[in-house]
Amino acid sequence: MPTDCLFREDSYLKNCEARVVGITDQGGIVLDRTIFYATSGGQPGDTGALTTASGTRIPIATAVYTDQAKTEIAHVPAPGSPPVSAGEVVTAEIDWDKRYARMRMHTALHLLSAVLAYPVTGGSVGESESRLDFDIPEAGLDKDDITARISAMIAAHAAVTSRWISDAELEENPGLVKTMSVKPPTGTGRVRLIEVANLDLQPCGGTHVRSTSEVGLVHVIQIEKKGKQNRRVRLAFA
Ligand SMILES: [Zn+2]
């Protein structure tokens, strides 16, 4: 059963009421709606807790998709957690400090990908450190230069917005694809676009802050050679 992913429309939601609609074979708790981001795109699933109407607290270690199409989310309880049954109403709550740090970091990675306009081959979002891997033919990247350019984007207070676009709309606007830093996937009917005003446009399912100013101070701490054409760029909060 598809989960209503509230975090996609409002990444600032810290809690919500939901109903348990099922338990997976692995013991994952499926809710009708959730504010838990599920592991994907290099961003880990949220941690937090579910609290039942009778006050039983179930710590959640992570959240994962149960299907390839990423329509259903299972909340993975910490080992030894008390059981919960289908039909129960719970309050879901995420560890907000951790999630907000990831939102800031994830948004910073969009800026990094705008500074380095090369194909991205991998990435990872953490609370204090993150990285993107780029397919870059030559070396010569300068840490301080990249940091300065990201800092300028953060200082620009650029708005970060999301919108859904249908495959048909995408086809009618080839210019849109041209301005995107990442080619959107097609075939699912619609794609979610994230725009950092005047700086970056790409399809993305992650969680972001509303303005680049919320990212805060970040700097490039390392540029690592990963194979002949790969450079791993690490960002950290200052
Ligand atoms: Zn994103």
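Definitions and limits used
Residues numbered from 1 in each chain as written. Predicted model: local features only at pLDDT ≥ 70, side-chain atom pairs only at ≥ 80, totals over all residues. Heavy atoms only, no water. 1 Å grid on protein atoms, 1.4 Å probe; cavity = no way out; pocket = protein on both sides within 12 Å on 5 of 7 lines; lining within 4 Å. Points joined across faces, edges and corners; volume = space filled by probe spheres on them. Helix = DSSP H or I, 4+ residues; strand = E, 2+ residues; numbered from the N terminus. Nonpolar A, V, L, I, M, F, W, Y, C, P; charged D, E, K, R; others polar. Donors = N, O, S within 2.8 Å, 3.2 Å for Na, K, Ca; no water. Tetrahedral: all angles 85-135°; square planar, octahedral: opposite > 155°, others 65-115°. Phe/Tyr/Trp six-rings, centres within 6.5 Å; stacked < 30°, edge-to-face > 60°. Buried < 20%, exposed > 50% of the residue type's maximum accessible area, 1.4 Å probe, protein only.

Some remarks on the layout of surface pockets
Working step 1: Estimated volume of the largest pocket: approximately 1,200 Å³.
Working step 2: If you go around the largest pocket, you meet 37 residues; those closest to its centre are Lys70, Pro203, Cys204, Gly205 and Gly206.
Working step 3: Mapped onto the lining of the largest pocket, the elements with two or more residues apiece are β1 (4-5), α1 (6-9), α2 (96-115), β9 (120-125), β12 (190-196) and β13 (200-203).
Working step 4: Computed from the structure, the second largest pocket encloses a volume of approximately 190 Å³.
Working step 5: For the lining of the second largest pocket, the secondary structure elements donating two or more residues are α1, β11 (160-166) and β12.
Working step 6: Taken together, the residues of the lining of the second largest pocket sort by class into 5 nonpolar, 4 polar and 5 charged.

A few points about the coordination of the zinc ion
Working step 1: In the first shell of the zinc ion, the protein supplies His106 (NE2), His110 (NE2), Cys204 (SG) and His208 (NE2), at 2.0 to 2.2 Å from the metal.
Working step 2: Because the angles between the 4 donor atoms bound to the zinc ion fall within 98 to 125°, the donor set is best described as tetrahedral.
Working step 3: All donors of the zinc ion belong to a single chain; written as a sequence motif, their spacing is H-x3-H-x93-C-x3-H.

Digging into the packing of aromatic side chains
Working step 1: A full pass over the atoms with the stated rule returns 4 aromatic pairs.
Working step 2: Taking 5.5 Å as the distance between ring centres and 75° as the angle between the ring planes, the aromatic pair formed by Phe7 and Tyr37 counts as edge-to-face. Taken together, the residues span a long stretch of sequence, with Phe7 in helix α1 and Tyr37 in the loop between β4 (33-34) and β5 (48-52) at a distance of 30 residues. No difference in accessibility class separates Phe7 from Tyr37, as the two residues are buried.
Working step 3: With a centroid separation of 6.4 Å and 55° between ring planes, the pair formed by Tyr12 and Tyr100 is classed as tilted.

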